[in-house]
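# Topology and contacts: notes
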Amino acid sequence: MKLKLAIYWGAACGGCDVAILDVHEKLLDIADAADIYLWPIAMDFKYSDVEKMEDGYLDVAMYSGAIRNSENEEIAHLLRKKAKVMVALGSCAHLGGIPSLANLFTREEILNRVYIDSESTVNKEKIFPTEAWSNGNGEELELPKFYNTVKSLDQVVDVDYYIPGCPPVPLQIFSAFTLIRDGMLPPKGAVIGAGDRALCDQCERKKEEKKITEIKRIQEAIPDPERCFLEQGFICLGPVTRAGCGARCINSGVPCRGCYGPVDGVYDQGVKMLSALASVLEPKEQEEIDRIIDTIPAPLRTFQRFSMAASMLRRKKV
Ligand code: SF4
Ligand code: SF4
Ligand code: SF4
């Protein structure tokens, strides 16, 4: 019996779908083991085809992307009902991802920025998208409702497993798929296809337990390619980020930005990183600590780049 698989994207960039295709020839193994019943980026299936399925008909639904509008949420509920196993694929579904940085603004601020204040838009009549439109002759159109707050997948439906990363490393998607195919899944709620240690444990850069006196940005100084970024003053989220990506940013010469999410047992990746940073700061006087902290560019976007929706803060207060 082949697995019945659905792949869907909510508020996503499509990178997770591309990561699935990037398993290259192993895609043939997936095709051997599974029939695809929904994959909007690749094939022309209709939602109505899914609605007609019996509940639990699909074996697995892989959902990438955050929940930003009513359509994202509606399909998340539909797939949850139709699939035995629901997998959050990638940072956006896992923790809200980059789209949830929009939680630093209100819905109105975002719509104004895009439709009124944009440098590339002429909109003298101040026309905004409407959720329902009718031409008076019985023709009606509907647009999804644009939410004020972006959510992670498990903030709207029950999620069985998580595959982290922005995007996940393709071979991890494949190994997660083989676990599903072979019936070797870990207990519900687990992160699959990644490690349970911090990225620092796998990083080969030299750590000398040096304290830092300043924060640097990667475009402002040339880092020593052998030494730990953090000990050189570059913010690297390795101490609080789950290993599993193969340190792909570190090996490309840039610090980790945290896309694999927090390690097990860490509730808030950004807050934990603040604590890790505090432990490597040299100064002990409050005034000097404040001076260094003030040089961190856009702290929320630095510490919660991929996890704003799942953070304690979750969104700007309105
Ligand atoms: S996790 Fe990254 S690659 Fe995947 S949809 Fe979100 S932004 Fe795109
Ligand atoms: S902080 Fe970054 S550079 Fe330093 S050891 Fe950890 S992952 Fe490597
Ligand atoms: S190094 Fe960090 S940001 Fe880069 S892929 Fe790995 S977890 Fe993601």
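Residues numbered from 1 in each chain as written. Chains lettered and ligands numbered in written order. Predicted model: local features only at pLDDT ≥ 70, side-chain atom pairs only at ≥ 80, totals over all residues. Heavy atoms only, no water.

### Concerning the site of ligand 2
In the neighbourhood of ligand 2, the contacting residues comprise C200, C203, R205, K207, C228, F229, L230, C236, G238, P239 and I250. Of the residues belonging to the shell around ligand 2, the class tally is 8 nonpolar, 1 polar and 2 charged. (Near = heavy atom within 4 Å. Nonpolar A, V, L, I, M, F, W, Y, C, P; charged D, E, K, R; others polar.)

### Regarding the packing of helix α2 (residues 26–33) against helix α7 (residues 170–181)
Two numbers describe how α2 lies on α7: the axes approach to 11 Å, and their chain directions differ by 25 degrees. With respect to α7, the axis of α2 lies roughly parallel. α2 and α7 meet at a crossing whose hand is left-handed. Contact residues: α2 offers K26, D29, I30 and A33, while α7 offers L171, F174, F177 and R181. (Axes fitted to C-alpha atoms, helices over the stretch in contact; angles between N-to-C directions. Helix = DSSP H or I, 4+ residues; strand = E, 2+ residues; numbered from the N terminus. Parallel < 35°, antiparallel > 145°, perpendicular 65-115°, else oblique. Left-handed = near helix turned anticlockwise from the far one by under 90°. Contact = heavy atoms within 4.5 Å.)

### Observations regarding the side chain of R315
One can find R315 in the segment after α10 (299–303). When sequence neighbours within four positions are dropped, the list of residues in contact with R315 reads N103, F105, T106, N148, T149 and M308.

### Some thoughts on the nonpolar core
Grouped together as the largest cluster of nonpolar side chains are 28 residues, with contacts concentrated most on I215, I235, I250, M273 and L277. Per element, the largest residue contribution to this core is 4 residues, and it comes from helix α8 (residues 269–280). Residues within four places of I215 in sequence aside, it is in contact with G233, I235, L277, I292, T295 and I296. Among the nonpolar cores identified, the runner-up in size contains 25 residues, and I7, A19, I20 and I163 belong to it. (Core = buried A, V, L, I, M, F, W, Y, C linked by side-chain atoms within 4.5 Å. Buried < 20%, exposed > 50% of the residue type's maximum accessible area, 1.4 Å probe, protein only.)

### Observations regarding the pattern of salt bridges
The full count for this structure, using the stated rule, is 18 salt bridges. Between R227 and E208 there is a salt bridge; the shortest N-O distance is 3.6 Å. One end of the pair, R227, is in the loop between α7 and α8; the other, E208, is in the loop between α7 and α8, and 19 residues separate them in sequence. One network of salt bridges, in which partners are shared, links R80, D158, D160 and K188. (Salt bridge = Lys/Arg side-chain N within 4 Å of Asp/Glu carboxyl O.)

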